[in-house]
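Observations on chain architecture
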Amino acid sequence: EDQVTQSPEALRLQEGESSSLNCSYTVSGLRGLFWYRQDPGKGPEFLFTLYSAGEEKEKERLKATLTKKESFLHITAPKPEDSATYLCAVLGLLYGGATNKLIFGTGTLLAVQP
Amino acid sequence: SAVISQKPSRDICQRGTSLTIQCQVDSQVTMMFWYRQQPGQSLTLIATANQGSEATYESGFVIDKFPISRPNLTFSTLTVSNMSPEDSSIYLCSVKQVGYEQYFGPGTRLTVT
């Protein structure tokens, strides 16, 4: 069964203190791994798609990387406005065929203090 | 990406009643989905809303409890029927366009008393 585990559950950083969030996954035939940002009271906001091991994507202070077992979301010199819950999801194969069912982790709640 | 809106944004409902949630997209999309996000839990797919045909439900979700309509390529509704406090959750619609990624609406926060 496809599964996504995110760690840590919560992370508190000082402004400017870089760190990484982890997303470990097991999936039958990875078609894509996705990172989302979710602010309180809002829907998830799409950040990145990673398709294969070794791939990296960057956006402002965020960089996502992918291996065969996990993905990292690196946050460089974070600012208070980066505070949010970061969600990881995978899209795999179902019974060897295509599916559009995203499997989500429970997220990492990031708080960046000024 | 498509702009997605949901109505209502939040509601408080009595046990045993039903609530219909609307999802409107500003452009035609091939696929629309409904998710549930219970407190402290991950997002879970309820069903895929198929245009012109019955929705495809995931294991653990049934049409009698969560009837879905999708009359065209920009609109869908999810009804939560005969509600109980366990249905208190955030309900989200999402759309998929060209790639694999899905884009989410703002969500509907439902509280059942």
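**Observations concerning the overall build of chain B**
Counting secondary structure elements, chain B contains 0 helices and 11 strands. When the helices and strands of chain B are listed from N to C terminus, the series reads β-β-β-β-β-β-β-β-β-β-β. With the C-alpha coordinates of chain B rotated into their principal frame, the extents come out at 40 × 25 × 20 Å. Taking all 113 residues of chain B together, the buried fraction comes to 53%.

**Some words on the nonpolar core**
With 42 residues, the main nonpolar core has Phe-104 of chain A together with Trp-34 and Tyr-35 of chain B as its most contacted residues. If you look at the next biggest cluster of nonpolar residues, it comprises 23 residues, including Val-4, Leu-50, Leu-66 and Cys-88 of chain A.

**Regarding the interface of chain A and chain B**
With 19 residues of chain A at the interface, the matching set in chain B holds 20 residues. For the pairing of chain A and chain B, the buried interface totals around 1600 Å² over both sides, and the portion due to carbon and sulfur atoms is 59%. For the interface between chain A and chain B, the tally reads 1 salt bridge. The salt bridge involving Lys-101 of chain A is made with Glu-58 of chain B; its shortest N-O contact spans 3.3 Å. Where chain A packs against chain B, one counts 6 residue pairs in polar contact (both at pLDDT 80 or more). Sorting the residues of the side of chain A that touches chain B by element identifies β4 (32-38), β5 (45-50) and β9 (84-91) of chain A as the ones contributing at least two each. The greatest single-element share of the side of chain A that touches chain B, amounting to 3 residues, is contributed by β4 of chain A. Here the side of chain A that touches chain B is composed, by residue class, of 9 nonpolar, 7 polar and 3 charged.

Quick notes on the rules
Residues numbered from 1 in each chain as written. Chains lettered and ligands numbered in written order. Predicted model: local features only at pLDDT ≥ 70, side-chain atom pairs only at ≥ 80, totals over all residues. Heavy atoms only, no water. Helix = DSSP H or I, 4+ residues; strand = E, 2+ residues; numbered from the N terminus. Buried < 20%, exposed > 50% of the residue type's maximum accessible area, 1.4 Å probe, protein only. Core = buried A, V, L, I, M, F, W, Y, C linked by side-chain atoms within 4.5 Å. Contact = heavy atoms within 4.5 Å. Buried area = accessible area lost by both parts, 1.4 Å probe. Salt bridge = Lys/Arg side-chain N within 4 Å of Asp/Glu carboxyl O. Polar contact = N/O pair within 3.5 Å; in protein donor to acceptor, adjacent residues only side chain to side chain. Nonpolar A, V, L, I, M, F, W, Y, C, P; charged D, E, K, R; others polar.

Worth remembering: the numbers are spatial, not functional.
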